[in-house]
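# Structural overview
As a plain string of letters, each chain reads:
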Amino acid sequence: MPRLAAIYLATTLLALVTAPAQAQDPLSDPRLAQEALQGDPATQRRLAEAIANSGLSQEQLRSRLRAAGYDESLLDNYMGTPGQAQRGVLGLPGLRGEIDAVRALGLVAQPEADSLLAVIDSVQLQLPVTALGSSQFMIDSLVIFGMDVFAARSTRFMPDRASPVPDTYRLGPGDRLALILAGDVEEAHSLEVSRDGFIVVPAVGTVHVAGLNLTEAREVLFRRFSQVYSGIRRSGGSTRFDLSVSRQRAVQIYVAGEARRPGAYVLSAGSTPLMALYAAGGPTRNGSLRRLEVRRNGALVDSVDVYGYLLHGIDHSSLTLQSGDVIFIPVQQGRVEVTGEVVRPAVFEVREGETLRDVIGFAGGFDADALRRRVQVHRILPAMPGDSSYGRGRVVVDVGPEQLATAVPSLVMLPGDSVTVFPVADRLRGFVTVEGNVWLPGQVGYTPGMQLSQALNLAGGPKPDVYLGQVLVSRLRSDSTRVQLRTSFADSTGRLSDDLVLQEDDVVRIFSRTTFRPARYVVITGAVRQPGRIEFREGMTVRDAILLADGLAPDAYLVEAEIARVPDTRSQGQVATTIRVPLDSTYLFARGAPGEYQGPPGPAAPRSGSPEVVLQPYDNLLILRQPEWELVRTVTITGQVKYPGPYALRTKTERLADVIGRAGGLTEAAYADGIEFYRRLDSAGRVGIDLKAVMSDNDHRDNLILAAGDSMHIPEFDPIVMVRGAVNSPGAVAFEPGRDLDFYVRAAGGYSKEGDKRRAFVTQPNGDKQSVERRFLLPDSRPAPRPGAEVMVPVRDPAERGPGIASVLGVAAQLLASVVTVIVVARN
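Residues numbered from 1 in each chain as written. Predicted model: local features only at pLDDT ≥ 70, side-chain atom pairs only at ≥ 80, totals over all residues. Heavy atoms only, no water.

### Focus: the overall build of the protein
This is how the line gets drawn: Each helix is a run of H or I in the DSSP string that is no shorter than four residues. Each strand is a run of E no shorter than two, and both are numbered from the N terminus. Only protein chains enter the area calculation, which uses a 1.4 Å probe; residues under 20% of their type maximum are buried, those over 50% are exposed, and those in between are partly exposed. Any two residues whose heavy atoms approach within 4.5 Å are treated as being in contact. Working definition of accessibility: Shrake-Rupley area with a 1.4 Å probe, residue cover restricted to the visible protein chains.
Helix and strand counts for the protein come out as 20 helices and 37 strands. For the protein, with 828 residues in total, the buried portion stands at 38%. Taking the contacts inside the protein whose residues are at least 6 apart along the sequence as the reference set, 61% of them involve residues at least 24 apart. Accessible surface, the protein as shown: approximately 45600 Å² in total, 53% of it carbon and sulfur.

### Remarks on the packing of aromatic side chains
Short version of the rule: Here a Phe, Tyr or Trp ring, Trp counted by its six-membered ring, pairs with any other such ring whose centre lies within 6.5 Å, and the pair is stacked when the planes are under 30 degrees apart, edge-to-face when over 60, and tilted otherwise. Criterion for a charge above a ring: Arg CZ or Lys NZ at most 6 Å from the ring centre, at most 35 degrees from the ring normal.
Scanning all chains against the criterion turns up 13 aromatic pairs. Here the aromatic rings of F150 and Y278 are separated by 4.8 Å at their centres, their planes lie at 55°, and the arrangement is tilted. You can see F150 sitting in helix α8 (residues 147-151) and its partner Y278 sitting in helix α10 (residues 273-279), a full 128 residues away along the chain. With respect to burial, F150 and Y278 carry one shared label: buried. Of the aromatic side chains, those joined through ring pairs into one cluster are F145, Y307, F348 and F362. Sitting above the plane of the Y521 ring, R533 keeps its charged end 3.8 Å from the centroid. Over the ring of F743 we find R739; its NZ or CZ atom is 4.6 Å from the centre of that ring.

### Focus: the environment of L547
The residue L547 is located in helix α16 (residues 542-548) in this model. Residue L547 is classed as partly exposed on the basis of its relative accessible area of 46%. Taking C-alpha positions, L547 is 9.4 Å from V528, a pair spaced 19 residues apart along the chain.

### Notes on the pattern of salt bridges
Our working definition: Salt bridges are counted wherever a side-chain nitrogen of Lys or Arg sits within 4 Å of a carboxyl oxygen of Asp or Glu.
Taken as a whole, this structure holds 40 salt bridges when the rule is applied. Note that R290 is salt-bridged to D305, the shortest N-O span being 2.8 Å. In this pair, R290 is assigned in the loop between α10 and β10 (292-296) and D305 in the loop between β11 (299-304) and α11 (307-312), connecting sequence segments 15 residues apart. Take R290: its relative accessible area is 4%, and that puts it in the buried class. For the salt bridge of R427 with D505, the shortest nitrogen-to-oxygen distance reads 2.9 Å. Of this pair, R427 sits in the loop between β17 (418-423) and β18 (431-436) while D505 sits in the loop between β21 (482-487) and β22 (507-512), and the two are 78 residues apart along the sequence. When salt bridges that share partners are traced, they join R290, D305, R351 and E354 into one network.

### Concerning the pairing of β21
Each regular strand displays side chains that alternate between the two surfaces of the sheet. Formally: DSSP-based pairing: two strands are paired if at least 2 bridges between them are found.
When strand β20 (residues 466-476) meets β21, the two strands line up antiparallel, connected through six bridges. Its bridge partner being in β21, S474 is matched across the sheet by Q484. Once β20 ends, the chain turns through five residues before running back antiparallel as β21, passing S480 with a positive phi of about 70°.

### Quick notes on the environment of T206
For T206, the position within the fold is in strand β6 (residues 205-208). Residues in contact with T206, not counting those within four places in the same chain, are F198, I199, V200 and R224.

### Overview of unusual backbone geometry
For S480, which is not a glycine, the phi torsion comes out positive at approximately 70°. Assignment of secondary structure puts S480 in the loop between β20 and β21. One non-glycine residue with positive phi stands out, namely E628, at about 65°. If you trace the backbone, E628 turns up in the loop between β27 (620-625) and β28 (634-639). On the basis of relative accessible area, E628 is assigned to the exposed category, the value being 67%.

### Focus: the sheet that holds β28
To keep it simple, the criterion reads: Axes, fitted as lines to C-alpha atoms, cover a helix only where it is in contact. Angles between the N-to-C directions of the axes lie from 0 to 180 degrees.
A sheet is described by the order of its strands in space; here five strands give the open sequence β29-β28-β32-β30-β31, paired in mixed fashion. The open sheet has two edge strands with one neighbour each: β29 (645-648) and β31 (685-687). Direction aside, neighbouring strands of the sheet carry axes that sit 25° apart on average.

### A few points about the sheet that holds strand β35 (residues 761-763)
Read across the open sheet, the five strands follow the order β34-β33-β37-β35-β36; overall the sheet is mixed. Where the open sheet ends on each side, the last strands, each with one partner, are β34 (731-734) and β36 (769-771). In this sheet, adjacent strand axes meet at a mean angle of 25° when their direction is disregarded. Across three bridges, β35 lies against β36 in antiparallel orientation.

### Describing the environment of E562
The following threshold applies: Think of a polar contact as two N or O atoms within 3.5 Å of one another; within protein, one of them needs to be a possible hydrogen donor and the other a possible acceptor, and neighboring residues in sequence only count if both atoms come from side chains.
Within the fold, E562 resides in strand β25 (residues 556-565). C-alpha of E562 to C-alpha of N620: the two residues are 58 residues apart in sequence and 8.2 Å apart in space. The residues contacting E562, other than those within four sequence positions of it, are T578, I579, R580, N620, L621 and L622. Among the polar contacts listed, one links the side chain of E562 to the side chain of R580, at a separation of 3.2 Å.

### Overview of the confidence of the model for the protein
In plain terms, the rule: The predictor's confidence in any single residue is recorded as pLDDT, a number from 0 to 100.
In the predicted model, the protein carries a mean pLDDT of 84, and the fraction of residues at 70 or more is 84%. In this model residues 1-40 is a low-confidence stretch, pLDDT under 50, and it forms 52 contacts with partners more than four residues away in sequence or in other chains. Below a pLDDT of 50 lies the segment residues 81-90, which in the model reaches 18 contacts outside its immediate sequence neighbourhood of four places, other chains included.

### Considering the side chain of Q640
Along the chain, Q640 falls in the loop between β28 and β29. You can call Q640 buried: its relative accessible area is 19%. Polar side-chain contacts of Q640 include one of 2.9 Å to the side chain of T667. Apart from the residues within four sequence positions on either side, Q640 is in contact with G665, L666, T667, A669, A670, I714, P715 and E716.

### Some words on a nonpolar patch on the surface
This is how it is decided: Residues qualify for a patch when their relative accessible area is over 30% and they have no salt bridge, like charges being joined within 9 Å and the nonpolar side chains of Val, Leu, Ile, Met, Phe, Trp and Tyr within 5 Å.
Among the surface-exposed residues, L816, V820 and V824 lie close enough to one another that they form a single nonpolar patch of about 270 Å² accessible area. Within the element layout of this structure, V824 appears in helix α20 (residues 805-827). Classification of V824 as partly exposed rests on a relative accessible area of 44%.

### Quick word on helix α9 (residues 214-228)
Short version of the rule: A helix is expected to span 1.5 Å multiplied by its residue count minus one.
Between its terminal C-alpha atoms α9 stretches 21 Å, which fits the 21 Å expected from 15 residues at 1.5 Å a residue. Restricting attention to buried positions, one finds in α9 the residues L214, A217, V220, L221, F222 and F225. Buried residues belonging to α9 abut β3 (176-183), β5 (198-201), β6 and β7 (239-247). Two or three places before T215, at the start of α9, stands the capping residue N213, its side-chain oxygen 3.2 Å from that residue's backbone nitrogen.

See below:
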């Protein structure tokens, strides 16, 4: 047997090698198919070339499109340079319309248009349904059941012709058979059924096998071999043989009717009608999945209900296709919409006599939260003879549980029916609610006769701080209003003075004594690390409050603190009384193991054993700060000084000139007029300083007292004036002595249209800002920029408008009249 298996394997491989290789479909991958149309749009490029070669202008093309009944802008994307049309603008459906329009205008011949449309059809067949727009398989936002199974993607369905076949497979011309003899005779032959239905077997001759299944063909060969080989017997023979199909023949079938891609298809001889449906991309939107007809020689030989395959995975058709068979997809005869609480809401095709129970089964049955006692059907009534009334063509049919039961005939479905399965109402029943000061608040299950104590036990019972005086029970009445019931606790164990009998939907409220207490606190401020409000506890001391505030700040005054307390009486208008309490070094908690203090330097009272002061609710504790205590102040000086860097201020009155002197003074390259002085305190920003005057006069007003965070930069000489803002050519202009603002603006191209020349200003290199000074009856004073200065021309506010000509003339007339009046009076 091992040798027999080896010979069989060799024969099978021989048949596979000699079989013609099937060409790989370049569009079998939907992504590649999409790229074939949009990534390299040869079809769109051909349309652009045809339009360009026509010589038509855009207006002429639009006019002809209007005359032909098309949208005049349909081909606008193709105007311009050929090959530069926008890609993928309208997708496959739009491209089909564009091809049709170009054909109608006579820009391409009919055969070429047909060829372009065939390309579109080929691509469209193989794209996923999502790429084509799933709306073509939807009705009222519901998908048509089963359509996406066949339209999801296609690989030009070609079943494996080398796959094993059953013994019932009937042989025909084109089949390739593998014949193996083992035992006394070791032979393997690959035999092809001839056009006349014969195979030629060595040492036996011709054997007719067409029309026989494999079992019958083996029987014929047994009779012929037994005449040639004496070792071949039905049992116990010394020679054995086996016959199998190594490659199936191909058959050509036709798909017609409501198919997405009707036409002729070459399939393997073992194919079924279902395989042909896959090959054609399934039915169109109007095609039927319940009656797939197979016609042979003009006669109907089978009708396949595809729902058996879609719902249960069973292909009920045992028919094997033959060459010349026609698969016809008729128009669907009626559909039913199923929405609501079902497993698979969709639009289903129904056959005559199918019932509501069948349709619910198509939808996968009821969801877990479906209301099974009521299903609603919206139905279109058939027209009755002589009935001319309007507005009575639709009715609502409510189906009860008796018609959904298996034992009772269900409602027969009609085309156009719409079935709605309602959900179970959201309202919960059979509970009471326990809220408030219990361990497990929430809903608890209700049983008839339940008492309040039972509900409290289910909620874990009351907490230790329960309020004993009142328990409230809110009861829902039949008119949806509520009535208030009450009882109380006899003691803190949860025993009730009156154990009320509860009703469904009662709400029980348990209170806590803590809820009624006001929030009590103390406030700590001043020299502590975390000032703020602290929850009050009985017996809390000053030391406790300081600990809860993360300890004292470095500048804390360890002699005394102040407590502001709510007064006992307010008869004299008092709002607080204050007391001073002693502190000592024991309030410094940053100490090492031996007890030595590890905080910053500063005066501190010795460990004198100050008494612990107990606080009261709402006390305000103020930890005083040491007078004149502060950390080191630093300023920074950079640039052209001998020793730039950060410097600590030695006194609170140290000035600018003092620090420059400590930094070794200015270097020879220093440009004193260009000093950049910035004050961080209060976000003051840059401050203008006349450093030359400061260096020559310590009493000058610009010799500022320095503050922590101040920074100053002494630059080198910069012979440039920067012009920025609303000028025609902003940028750097070389400095010229004695020139004013207007000179530098002109050097930068002059004022732009939006420039506000009245508000132009100069920022001198030391930070001083100077604007144009307006003078009555005298020329305006314009600042002269120094080296390193910046001229800024702001943009004019569009809301501001200068005086019009009329107003200017009016003012001039008034002034002229006034002058004339003065002259006349003077002469008189």
